[in-house]
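# Remarks on the overall topology
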Amino acid sequence: MDVQKEDAVNAVAAPEFPAVTLDAARISQLAALVDELTPAELYRVAAWCAARAEQIPVGSTQAKAVGAAEPAPQLTIVYGSQTGNAKRLAEQLAGRSTDSGLPVRLLRADAYPQRELARESHLVVVISTQGEGEPPDDARGLVEFITGKRAPKLPALQFAVLGLGDSSYPLFCAIGRQLDARLAELGGQRFVPLGEADVDFETVTTPWLDTTLARASEVLKTASPALRPAPLHAVSTRTLPSREQPFAATVLGNQRIVARDSERDVRHLELSLEGSGLHYRPGDALGVWPRNPPTLVTQWLEVLKLDAASEVSHQGRTLALSQWLGAERELTRLNRPLVKALAEAGGHTDLLALLRPENSAALATLLTDNQPIDLLRRYPTNWDAEALLAALRPLTPRLYSIASSPKLVGDEVHLTVAVVDYQAHGSAHWGAASSFLADADEDARIPVFIESNERFRLPADPARDIIMIGPGTGVAPFRAFMQEREETAASGRNWLFFGNRHFARDFLYQTEWQDALKRGALDRLDLAFSRDESHKTYVQDRLREHGAEVYAWLKGGAHLYVCGDSSHMAKDVHAALGALVAEHGQLSADAARAWLDELLQQGRYARDVY
Ligand SMILES: Cc1cc2nc3c(=O)[nH]c(=O)nc-3n(C[C@H](O)[C@H](O)[C@H](O)COP(=O)(O)OP(=O)(O)OC[C@H]3O[C@@H](n4cnc5c(N)ncnc54)[C@H](O)[C@@H]3O)c2cc1C
Ligand SMILES: Cc1cc2nc3c(=O)[nH]c(=O)nc-3n(C[C@H](O)[C@H](O)[C@H](O)COP(=O)(O)O)c2cc1C
C-alpha cells in the first residue's frame, strides 16, 4: 500500500482514539486482506470490526480481551452451505442479532475452531444437505467432528439447528437432523426446535429466524445485562441488488454454441450489470429469476379449465391468474407435496399409495420422470384457482456459474446455459429458467443477483498450478478462471479436462480453448467425447490415463476444481481421483480417500456441482 493510502487509513479516526495510527506494515496486511473484497463485503467487515471494538473495554488491548479466562456468553452462528442459501440465512440472523445488540460471531463451518465447541454457550447451526444426504463441502470437517467419537460432552450448550433441504430427495434435511440429534445426545439443550426447510424455504426459515432471534435475545440479554447495542448505524450501506431485490440485467447477446444438429441446445449469454453496483469474482454464480414458458401457462389453464384473466388473491396479494402462474409459481418441478395435494383432491388411490414409506423408490421415479403437467393430464382434478395456488410452491431462482472475469469483460456477466427442452409422454417439456434465458432477445431484461461462492476460488498464490475438470456446462467457471489468470498474468500452469458427447457438435468454446493453448495461456487440454466412438470415454477416463501427472501436479501444490453434473460425473471423478492417488501415491484405498478429504478440507479440491 502506498503512502497516500496509509494517510487515508489514518485519517479515519474513531473519536475515542484520536491519537491512534496504524503503521505501514499493519496497513499493508490489512490491504492484502481487503483488496479483493466487494463493496458489500467491505461494509460487512467494517460493521464486524465496529461491533468487535465495542465489545473490548476501552484501555484494554485486544490480546487481554481475547485471553480472558471465562468467555462472555455469545451467540455463535455457524453455516454450511453449497449454493449460498444457508449462508444468506445465517448472515441475516447475524445481522439482525447484531442490530439487536447481541454479541454474535458468524463463521463458515470450515473456519469454526472445533476446540471451542466445548466452551460454546449458544450455538446456531444453519446447514443444507447435499449429494445423497451429505454435508456441504465447507461443513464436512465440522459434521465429521460433531458426529464422531472425539466430540466433547456439551452439558452447558444451548443450541438451535436450521436444516435446509429438498423433500424430493429421499434423505430430506438429513444433515440438519443428524446434527440436531447429535448435539442433544452430547448433552446440549435446544433453545429452538429443529427447523426443516424445503425448497420454498422462506415459509419455514422466516418464522424460525424470528423465534431464534427472540429466544436468543431473552437468554443472552439475561446472561449478560451489560451488553450495549453495536454502533452499526454509523456504517451507512447502499442497498445492493439481492436475491430479494434483483437487478434487471440487459441481454447483450444470446448465441447457440453447439452445432445445429447437436442433441442439446447450449447458449452463451452476455448480460450487462452496468449501473447495478453488483460485483462478482470468478467462481461466483449468477442467480436468475425465471418466468415460466407462456405455452406451458396456457396448457395449465386449458387442462384445469381456468380463466387466465381472473383476479386471484393469495397470501395478501391479488394478481391475474396468468401472472401467478407465469411469474410466481413453480410449474416445471414436480415435488412430493404437490403429488400429495393432487392425490387427496382427486382421491387418486394409486397416487396416495405412492406416498407410503415403502413406496419411496417408486415415488422418486415418478418425481424424476414427470413434470406437474403430466400428472395434471393423467389425474383430473377440479381445483379452483385458490386451491391451485395453495398447492403450488413459489417460483425459486436458478443459479448459473459465471463464465467470465470482470477483469476482462468489465460490467458484463457471461453464462453457459444448457437448455432443458425435451419430449416426454407425447408432448414438449421445458425447463423454466433455461428456456426463459434461451428465448431472451437482445435488450430483454433478466432479474438477476450474484451468489458468491467463497469455496470455489482461484488460488490466492498466482504461482500455483490449477487442474480444472468441467465437462458440459461445467466448463463455464473455467472460462472465467482462464480469463482471470491471463488478465492477472498468473504464472501457475493451467490444465483443463473437458468432455461432452461429440467433438464436432458439442465442443463448447472450442476456438477459445485452442487459441489459449496456442498462446500458452492454457498448458494442457484433455478431451473426452463420449459418443464419437463405440467405446464411451469420459473425463474420469482421461484423469486415470494421466494419473501420474495429475498426482505430480497435486503433490506440487496444484488446486483441483470440479464443476458440472452431480449425479454421475462428480462421483466418478472423485472415484478416479481416489484410484490415481492410491496408485501413484502408493497408498491404501482408505489412505487415498483421507488424502482427498484433506484436500477438500483445505479448499484445495473444490466442487461446484449441480
Ligand atoms: C451452483 C450451480 C451452478 C449451475 N451452473 C449452471 C451452468 O453453468 N449452466 C447450466 O446450464 N446449468 C447450471 N446449473 C443448473 C441450473 O441452475 C438449472 O438447474 C438448470 O438450468 C435447469 O433449470 P430450469 O429452470 O431450466 O429447469 P427446471 O424448470 O428447474 O426443471 C425442469 C424439470 O424437468 C426435468 N428434466 C430436465 N431435463 C429432463 C430430461 N431430459 N428428461 C426428463 N426430465 C427432465 C427436471 O427433473 C425438472 O424437474 C447450476 C446449478 C447450480 C446449483
Ligand atoms: C446436488 C444436490 C444434492 C442435494 N441433495 C439433497 C439431499 O440429499 N437431501 C436434501 O434434503 N436436500 C438436498 N439438496 C437440496 C439442498 O439442500 C437445498 O437446495 C438447499 O436449499 C441448499 O442450500 P445451500 O444453498 O445452503 O447449500 C440437494 C441439492 C443439490 C444441488
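It should be noted that the structure appears before, not after, this text.
A brief look at the structure comes next. (Residues numbered from 1 in each chain as written. Chains lettered and ligands numbered in written order. Predicted model: local features only at pLDDT ≥ 70, side-chain atom pairs only at ≥ 80, totals over all residues.)

## Considering the overall build of the protein chain
In plain terms, the rule: Secondary structure elements are taken from DSSP: a helix is a run of H or I of four residues or more, a strand is a run of E of two residues or more, and numbering for both begins at the N terminus. Remark: C-beta atoms are placed from the backbone, and a residue is labelled buried if 20 or more other C-beta atoms sit within 10 Å of its own, exposed if 12 or fewer do, or partly exposed between those counts. This entry defines residue contacts through backbone-placed C-beta atoms, with two residues in contact when those atoms are within 7 Å.
Looking only at helices and strands, one finds 24 helices and 21 strands in the protein chain. Out of the 610 residues belonging to the protein chain, those deemed buried represent 37%. Considering only intrachain contacts with a sequence separation of at least 6, the fraction spanning at least 24 residues in the protein chain is 76%.

## Things to note about the packing of helix α9 (residues 294–304) against helix α10 (residues 321–328)
The line we're drawing: Axis definition: a line fit to C-alpha positions, over the contact stretch in the case of helices; interaxial angles, taken between N-to-C directions, run 0 to 180 degrees. Angle categories: roughly parallel below 35 degrees, roughly antiparallel above 145, roughly perpendicular from 65 to 115, and oblique for all the rest. If you view the pair so one helix is near and one far, a crossing is left-handed when the near helix is turned anticlockwise from the far one by less than a right angle, and right-handed when it is turned clockwise. Polar here means any residue outside two lists: the nonpolar Ala, Val, Leu, Ile, Met, Phe, Trp, Tyr, Cys and Pro, and the charged Asp, Glu, Lys and Arg; Gly therefore counts as polar.
Interaxial distance between α9 and α10 falls to 10 Å at its minimum, and their mutual angle equals 130 degrees. Looking at the two axes, α9 sits oblique to α10. Once α9 is placed against α10, the crossing between them reads as right-handed. Taking contact as the criterion, the partners of P294, V297 and W300 in α9 are, on α10, S322, L325 and G326. For the contact of α9 with α10, the residue count by class is 4 nonpolar, 2 polar and no charged.

## Focus: helix α5 (residues 85–99)
In an α-helix, one turn spans 3.6 residues, which is why side chains three or four residues apart end up on the same side. Here is the rule we go by: By this rule, a helix spans an expected 1.5 Å times one less than how many residues it contains.
In this model α5 runs 21 Å from its N-terminal to its C-terminal C-alpha over 15 residues, within 8% of the 21 Å that 1.5 Å per residue would give. What α5 keeps buried is the set N85, A86, K87, R88, L89, A90, L93, A94, S97 and T98. In the segment just after α5, G101 is the residue with positive phi, at about 85 degrees.

## A closer look at the site of ligand 2
Where we set the bar: Any residue whose C-beta atom, as set from the backbone, lies within 6 Å of a molecule or strand is reported as near that molecule or strand.
Surrounding ligand 2, one finds 25 residues, the nearest of these being S81, T83, A86, S128 and G165. Grouping the amino acids of the shell around ligand 2 by side-chain chemistry returns 11 nonpolar, 12 polar and 2 charged.

## Looking at the site of ligand 1
Around ligand 1, the structure places 26 residues, and the nearest of them are T332, G431, A433, S434 and Y610. Going through the elements one at a time, β12 (398–401), β13 (412–418), β14 (421–424) and α17 (432–438) are the ones with two or more residues in the shell around ligand 1. Among the elements that line the shell around ligand 1, the one with the most residues is β12, at 4 residues. For the shell around ligand 1, the per-class residue count stands at 14 nonpolar, 9 polar and 3 charged.

## Structural notes on the sheet that holds β13
Counted only if it meets this: In this description, strands pair whenever DSSP reports at least two bridges between them.
Overall, antiparallel pairing links the 6 strands, which are arranged β12-β9-β16-β7-β8-β13 in an open sheet. Each of the sheet's edge strands pairs with one partner strand only, and the pair in question is β12 and β13. Taken over all neighbouring pairs, the strand axes of this sheet differ in orientation by 40 degrees on average, direction set aside. Looking at chain direction, strand β9 (residues 285–288) and β12 are connected through 4 bridges and run antiparallel. In the sheet register, V288 faces β12, and the bridge partner there is R398.

## A short note on the packing of helix α22 (residues 547–555) against helix α23 (residues 569–585)
Where α22 contacts α23, the two axes come as close as 9 Å, and the packing angle between them is 85 degrees. One element, α22, and the other, α23, form an angle in the roughly perpendicular class. Of the residues in α23, those in contact with G547, A548, V550 and Y551 of α22 are L580, V581, E583, H584 and G585. Class assignment for the residues of the contact of α22 with α23 results in 5 nonpolar, 3 polar and 1 charged.

## Description of helix α24 (residues 589–602)
Compared with an ideal rise of 1.5 Å per residue, which puts 14 residues at 20 Å, α24 spans 20 Å between its outermost C-alpha atoms and is within 8% of the ideal. Downstream of α24 by one or two residues, G603 has phi in the positive range, about 80 degrees.

## Digging into the nonpolar core
Rules: Any nonpolar core is a set of buried residues, restricted to Ala, Val, Leu, Ile, Met, Phe, Trp, Tyr and Cys, that join up through C-beta atoms within 7 Å. Segmentation of the chain into domains, including their bounds, is taken from an automatic or database domain assignment.
The biggest cluster of nonpolar side chains holds 74 residues, and the ones touching the most others in it are L286, V417, I467, M468, Y561 and V573. It is α23 that provides the largest number of residues to this core, a total of 8 residues. When residues of this core are assigned to domains, at least three fall in each of domain 2 (247–290 + 397–451) and domain 4 (466–609).

## Here we look at the sheet that holds strand β18 (residues 494–500)
If you walk across this open sheet you meet the 5 strands as β19-β18-β17-β20-β21, and the pairing is parallel. Two strands close off the open sheet at either side, each with one partner strand: β19 (524–529) and β21 (605–609). Taking the axes of each pair of neighbouring strands and ignoring which way they run, one obtains an average angle of 10 degrees across the sheet. Inspection of the sheet shows strand β17 (residues 466–469) paired to β18 by 4 bridges, in the parallel sense.

## Overview of unusual backbone geometry
For K305, which is not glycine, the phi torsion reads 55 degrees and is therefore positive. Checked against the element boundaries, K305 lands in the loop between α9 and β10 (311–314). Although it is not a glycine, H425 adopts a positive phi angle of roughly 50 degrees. You can see H425 is positioned in the loop between β14 and β15 (427–430). What makes H425 partly exposed here is the crowd of 13 C-beta atoms within 10 Å.

## Describing the pairing of strand β2 (residues 104–108)
With 5 bridges connecting them, strand β1 (residues 75–80) and β2 associate as parallel partners. By the bridge assignment for β2, V78 is matched with L107.

## Points about the environment of R393
Note on placement: R393 falls in the loop between α15 (385–391) and β12. Taking the C-alpha atoms as reference points, R393 and E328, separated by 65 residues in sequence, lie 8.6 Å from one another. Non-local contacts of R393, meaning those with residues more than four positions away in its chain, are made with V199, D200, R329, E330 and N335.

## So, the environment of D138
Along the chain, the position of D138 falls in the loop between β3 (122–128) and α6 (140–147). Looking at D138, the number of C-beta atoms within 10 Å reads 26, which means it is buried. In this structure the C-alpha to C-alpha distance between D138 and A606, which are 468 residues apart in sequence, comes to 9.4 Å. Setting aside its immediate chain neighbours within four residues, D138 contacts G80, S81, R108, A109, D110 and R455.

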